[in-house]
Amino acid sequence: MSYRYAVERTDHSALASGQVLRSAPGFPGFPVRLASELFQRAMVHTKEERVRLWDPCCGSGYLVTVLGFLHRERLTRVRAGDVDPDAVALAARNLRLLSAEGLAEREDELRRSARDFGRPEFVERAEATRDLAAGLAATGGDLPHEAVVEDVFSLREPVGADLVVTDVPYGEMTSWAGAVPEDGGPGAAGPGGGTGHAPADRREGGGSAGGGAPLRAMLASLGRVLPEHAVVVVTARTRRVALPEGVRALERVKVGNRAAALVRARDIAP
């Protein structure tokens, strides 16, 4: 794939997982340039100037937090959800960085670590945090956000989001959680199912990242609670994201070992 929007190889080292944004073992990051490209492609299909963004398989919240920094001026609110309470707690800490107060706290924390442990690299991270704060202030300031424990397989209440961007579990560091649906048509979901990005050794169930019953069930659940106009971007480490029968992608993207599909919410509604 040729990049259409994120054409410049900008230095995004400040957004690397574990630098300013917090990380933990078993919570993977995501390529920053690809995240920006997918977001910008999806924005064309939303036909909106500003959107409400949601990642229902958020893990550490890395993906939506990065998009919050890169595209603050295009966002009105960010929501991160996961079935794993530990993941949601970590995501909440990262989302707090989308505020001046959260970044100031993070800068102070990094400077204390540099002083207490004699680690000069923490000074560099503190400076990067200050740069992120300046960029956030220049593009709109604090971004409203929320992190919630939610089971993507059993969503029932409407969710106010115009754009979903999510990196689904792919079975290496992460996997589907709970009573994962194993067969059945689009919309089939086992009781108590869930998904997210907690470490795979703390999860149950299986399923292919590129398709299968878990992905069909997730898409049907999203289609049930999203506004009809919403755009859903699903990405995974796979050759091709397999959509439910009869669902046509708005477009597909393939970069390296990652594939993505963009779909309209009304096309995946059960």
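The structure presented is a predicted model; accordingly, all values stated were derived computationally and were not measured. (Residues numbered from 1 in each chain as written. Predicted model: local features only at pLDDT ≥ 70, side-chain atom pairs only at ≥ 80, totals over all residues. Heavy atoms only, no water.)

A.B. asks: Explanation requested: the overall build of the protein chain in the structure shown.
C.D. replies: Helix and strand counts for the protein chain come out as seven helices and seven strands. Tracing the protein chain from N to C terminus, the helices and strands come up as α-β-α-β-α-α-α-β-β-α-β-β-β-α. Going through the 270 residues of the protein chain one by one, you find that 53% of them count as buried. By element, 48% of the accessible surface of the protein chain is carried by carbon and sulfur atoms, the whole surface being about 11,600 Å². (Helix = DSSP H or I, 4+ residues; strand = E, 2+ residues; numbered from the N terminus. Buried < 20%, exposed > 50% of the residue type's maximum accessible area, 1.4 Å probe, protein only. Areas by Shrake-Rupley, 256 points an atom, 1.4 Å probe, with all protein chains shown as cover.)

A.B. asks: Is there a simple way to think about helix α5 (residues 120-138) in this case?
C.D. replies: For the α-helix, the turn length of 3.6 residues means that residues three or four positions removed from each other point alike. Between the first and last C-alpha of α5 there are 28 Å, a value that for 19 residues agrees with the 27 Å anticipated at 1.5 Å per step. Taken together, the buried positions of α5 are Phe122, Arg125, Ala126, Ala128, Thr129, Leu132 and Leu136. Along the axis of α5, the buried positions cluster into a sector of 160°, meaning they face one direction only. Exposed side of α5, more than 90 degrees from the buried face: Pro120, Glu124, Asp131, Ala137 and Ala138 are the residues found there. (Expected span 1.5 Å × (residues − 1). Arc of directions from axis to C-beta.)

A.B. asks: What is the right way to read the nonpolar core from this model?
C.D. replies: Nonpolar side chains tend to gather and get buried jointly when the protein is soluble and globular. If you look at the biggest cluster of nonpolar residues, it comprises 39 residues, and the most contacted ones within it are Leu53, Phe69 and Leu163. In terms of residue count, helix α1 (residues 32-46) provides more of this core than any other element does, seven residues in total. With 28 residues, the next largest nonpolar core counts Val168, Val241, Ala259 and Val263 among its residues. (Core = buried A, V, L, I, M, F, W, Y, C linked by side-chain atoms within 4.5 Å.)

A.B. asks: Where do I start with the pattern of salt bridges in this structure?
C.D. replies: Side-chain pairs of opposite charge can arise where the charged atoms are in close proximity. Scanning the model with the defined rule gives 17 salt bridges in all. Two residues, Glu107 and Arg111, come together in a salt bridge whose shortest N-O distance is 3.0 Å. Highlighted residues: Glu107 and Arg111, both in helix α4 (residues 100-117), separated by four residues, approximately one helical turn. On the basis of relative accessibility, which here comes to 12%, the residue Glu107 falls in the buried class. Taken together, the shared-partner salt bridges connect Arg4, Glu37, Arg41 and Glu251 into one network. (Salt bridge = Lys/Arg side-chain N within 4 Å of Asp/Glu carboxyl O.)

A.B. asks: Can you help me understand the packing of α1 against helix α2 (residues 62-70) in this one?
C.D. replies: Helix packing for two helices is described by the angle between their axes and how far apart those axes are. Running from amino to carboxyl end, α1 crosses α2 at an angle of 70°, the nearest separation of the two axes being 10 Å. Compared by their axis directions, α1 and α2 come out roughly perpendicular. Only Tyr62, Leu63, Val66, Leu67 and Leu70 of α2 make contact with α1, whose side of the interface consists of Val32, Ala35, Ser36 and Phe39. The residue makeup of the contact of α1 with α2, split by class, is eight nonpolar, one polar and no charged. (Axes fitted to C-alpha atoms, helices over the stretch in contact; angles between N-to-C directions. Parallel < 35°, antiparallel > 145°, perpendicular 65-115°, else oblique. Contact = heavy atoms within 4.5 Å. Nonpolar A, V, L, I, M, F, W, Y, C, P; charged D, E, K, R; others polar.)

A.B. asks: Help me out: how do you make sense of the sheet that holds strand β4 (residues 163-167) in this one?
C.D. replies: Backbone-to-backbone hydrogen bonds join strands into a sheet, with any given pair of strands oriented parallel or antiparallel. Pairing in this open sheet of seven strands is mixed, and the strands run β3-β2-β1-β4-β5-β7-β6 from one edge to the other. Looking at the sheet topology across the chains shown, the edges are occupied by β3 (145-149) and β6 (251-255). Averaged over neighbouring strand pairs, the angle between their axes works out to 15° when direction is ignored. By the bridge criterion, five bridges tie β4 to strand β5 (residues 231-236) in an arrangement that is parallel. The residue of β5 that forms the bridge with Leu163 is Val231. (Pairing = 2+ DSSP bridges.)

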